[in-house]
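# Structural description and commentary
Take a look at the letters that make up each chain.
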Amino acid sequence: FSIAMIRVSFISCLMSIYSFCYGQESEPEMPARFLARIPFVELTGGVMIVQARLDELSQPFNFILDSGSGAISLDSATAAEFNIAHHPSGKTVNGIAGVSEVDYAPGNKLVFPGLIVDSLDFYINNYQVLSSVYGVKIDGIIGYSFLSRYIVKIDYDSLFFEVFTPGKMFYPRNGYLLHPLFTSLPIENLTIKDARTIDANFYIDTGAGLCFLMSKQFVEDSAAIKKKRKPVVIQAQGLGGKKNMQLTVISGVEIGPYRFHRVPANILDDEFNATSYPFVGGVIGNDILRRFNTILNYKKKEIFLKPNSHYTDEFDYSYTGLNMYYDEGKIILDEVIKKSPAYRAGLKKDDIVIAVNSNFSNDINSYKNIMQAPGQKITLFISRKGAPYIISFRVGRIF
């Protein structure tokens, strides 16, 4: 052997030892590749509805884009109508008002504009309550099974979200990068300020049409809320059905460097532990999250927030005590909370709403938006047992 060959062999040996001890140098990460730009519709509370087709069906279905869902699911009525094969899964899901057994429909695909997603396993659940509350048919919920495959950029200014392959993503300037804990759901440590300042874990939940929610157990154990607070009672709808909860205002919520003051906060008696207390105290919902253009990067366990044009929107402090639902072309009053402005005005369960003020659109989301101005006089044109009535009241305030 020549000296040169010995030197090369010696260097090769050293490199082999280094590689064995410290590992091979990783290949450079490929840039994330753009796949599709998909429109969505924003409903009350910032809930996002996106349309997609299922398998070879031509009918577009309405899905909620929901970071608070650990899977992907279909409405049981939709599955029955379109003969989508499914079988018992042996699993249950916890909701705010109960525990439900779910069926299983494996190996389906979703077809978005410009994007086909294969090999999706859907759970089957009953979303009739959600459909009646939002006034549009809710055919399913898109959660972790979809979001974990891609990088998803949500733009609440343009009402589009963009889908990218996993890879190197350059985040815009003037934003903030969160590093949540990911189970199947992102969990972020937030700062709450009211009776005292505390840090606690909360789900980042784009499917929750509210600002902030805490479990009653968390509130009691943490002593976070000032005792002088006097919450009002409202009715909430979600998995398992309907349930009364309390609504109040807390002094502040901080997510990363962003601070929100006088935040509407729901308090849920979470008897089925949908919030996974004590590890998680509740959820931060999309009426706060919609104030940021957001990038969900599940592979990297990152969520990027950048304030958008809605960042300084005023919170909804209104209180009517009304609960409306849509059924067979009619908007009907459900429970009217006792001692509320609507109750004192004489409105009753099963009244049919014909118009709110001069709005005869029969659009439940429009009617809810009209009634979001505290102090404003509202006139409802209703039908009660076939007889017309005109009832007026002033919208209350939750603080």
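Residues numbered from 1 in each chain as written. Predicted model: local features only at pLDDT ≥ 70, side-chain atom pairs only at ≥ 80, totals over all residues. Heavy atoms only, no water.

### Quick notes on the pairing of strand β5 (residues 72–75)
The alternating pattern of β5 places Ile72 and Leu74 on one face and Ser73 and Asp75 on the opposite face, and all of these are buried. Pairing of β5 with strand β9 (residues 140–142), which is carried by three bridges, proceeds in the antiparallel orientation. Its bridge partner being in β9, Ser73 is matched across the sheet by Ile141. Where β5 lies against strand β8 (residues 115–125), three bridges are found, and the strand directions are parallel. Bridged to Leu74 within β8 is Ile124. (Buried < 20%, exposed > 50% of the residue type's maximum accessible area, 1.4 Å probe, protein only. Helix = DSSP H or I, 4+ residues; strand = E, 2+ residues; numbered from the N terminus. Pairing = 2+ DSSP bridges.)

### Thoughts on the sheet that holds strand β10 (residues 151–155)
Strand order in the open sheet made by the six strands is β1-β11-β10-β21-β22-β12, with antiparallel pairing throughout. Here the strands that pair on one side only, and so sit at the sheet edges, are β1 (34–39) and β12 (176–178). Each neighbouring strand pair of the sheet contributes to a mean axis angle of 15°, computed without reference to strand direction. (Axes fitted to C-alpha atoms, helices over the stretch in contact; angles between N-to-C directions.)

### Points about the sheet that holds strand β24 (residues 324–327)
Taken together, five strands build an open sheet; the order of strands is β24-β25-β26-β27-β28 and the sheet is antiparallel. Both edges of this open sheet fall to β24 and β28 (387–394), since each of them pairs with a single strand only. On average, each strand axis in the sheet is tilted by 40° relative to the strand beside it, whichever way the strands run. By the bridge criterion, four bridges tie β24 to strand β25 (residues 330–333) in an arrangement that is antiparallel. If you follow Asp327 over to β25, its bridge partner there is Lys330.

### Looking at the side chain of Asp205
Counting through the fold element by element, Asp205 comes out in the loop between β15 (197–204) and β16 (212–215). One buried charged side chain, Asp205, makes no salt bridge at all; its nearest oppositely charged neighbour is Arg290, positioned 14 Å away. Here the side chain of Asp205 touches Gly207 through a polar contact of 3.0 Å, landing on its backbone nitrogen. Leave out the neighbours within four places in its chain, and Asp205 touches Asp66, Ser67, Gly68, Val283, Ile284, Gly285, Asn286 and Leu289. (Lys, Arg positive; Asp, Glu negative; His and termini not counted. Salt bridge = Lys/Arg side-chain N within 4 Å of Asp/Glu carboxyl O. Polar contact = N/O pair within 3.5 Å; in protein donor to acceptor, adjacent residues only side chain to side chain. Contact = heavy atoms within 4.5 Å.)

### Some remarks on the pairing of strand β27 (residues 377–384)
Of all eight residues in β27, six are buried, a share of seventy percent or more. Pairing of β27 with β28 involves eight bridges; the strand directions are antiparallel. Its bridge partner being in β28, Ile378 is matched across the sheet by Phe393.

### Looking at the nonpolar core
Core analysis: the biggest nonpolar cluster contains 83 residues, and Leu110, Phe112, Phe146, Phe161, Phe212 and Met214 have the highest contact counts within it. Contacts of Phe212, omitting those with residues within four sequence positions, involve Leu190, Ile192, Phe202, Ile250, Val253, Val263, Pro264, Ala265, Asn266, Val283, Ile284 and Gly285. Counting 18 residues, the second largest nonpolar core, distinct from the first, contains Leu322, Val336, Leu347 and Ile382. (Core = buried A, V, L, I, M, F, W, Y, C linked by side-chain atoms within 4.5 Å.)

### Remarks on the environment of Val50
Of note, Val50 is situated in strand β3 (residues 48–54). On the accessibility criterion, Val50 (1% relative accessible area) is buried. Taking the C-alpha atoms as reference points, Val50 and Phe161, 111 residues apart in sequence, are found 9.5 Å from one another. Val50 has contacts with Ile38, Pro39, Phe40, Phe61, Asn62, Phe63, Phe112, Ile142 and Phe161, leaving out every residue within four places of it along the chain.

### Concerning the packing of aromatic side chains
Taken as a whole, this structure holds 20 aromatic pairs when the rule is applied. Summarising the aromatic geometry, the rings of Tyr258 and Tyr311 are spaced 6.0 Å apart at their centres and angled 70° between planes, so their arrangement reads as edge-to-face. One end of the pair, Tyr258, is in strand β19 (residues 258–268); the other, Tyr311, is in the loop between β22 (302–307) and β23 (318–319), with 53 residues separating them in the sequence. Tyr258 gets classed as buried once you look at its relative accessible area, which sits at 11%. Taking relative accessible area as the criterion, Tyr311 reaches 24% and is therefore assigned partly exposed. Among the aromatic residues, those joined into a ring-pair cluster are Tyr258, Phe260, Phe292, Tyr311, Phe315 and Tyr317. Over the aromatic face of Phe160 sits the side chain of Arg37, whose NZ or CZ is 3.8 Å from the ring centroid. Positioned above the aromatic ring of Tyr389 is the side chain of Arg384, whose terminal nitrogen or guanidinium carbon lies 4.9 Å from the ring centre. (Phe/Tyr/Trp six-rings, centres within 6.5 Å; stacked < 30°, edge-to-face > 60°. Lys NZ or Arg CZ within 6 Å of the ring centre and 35° of its normal.)

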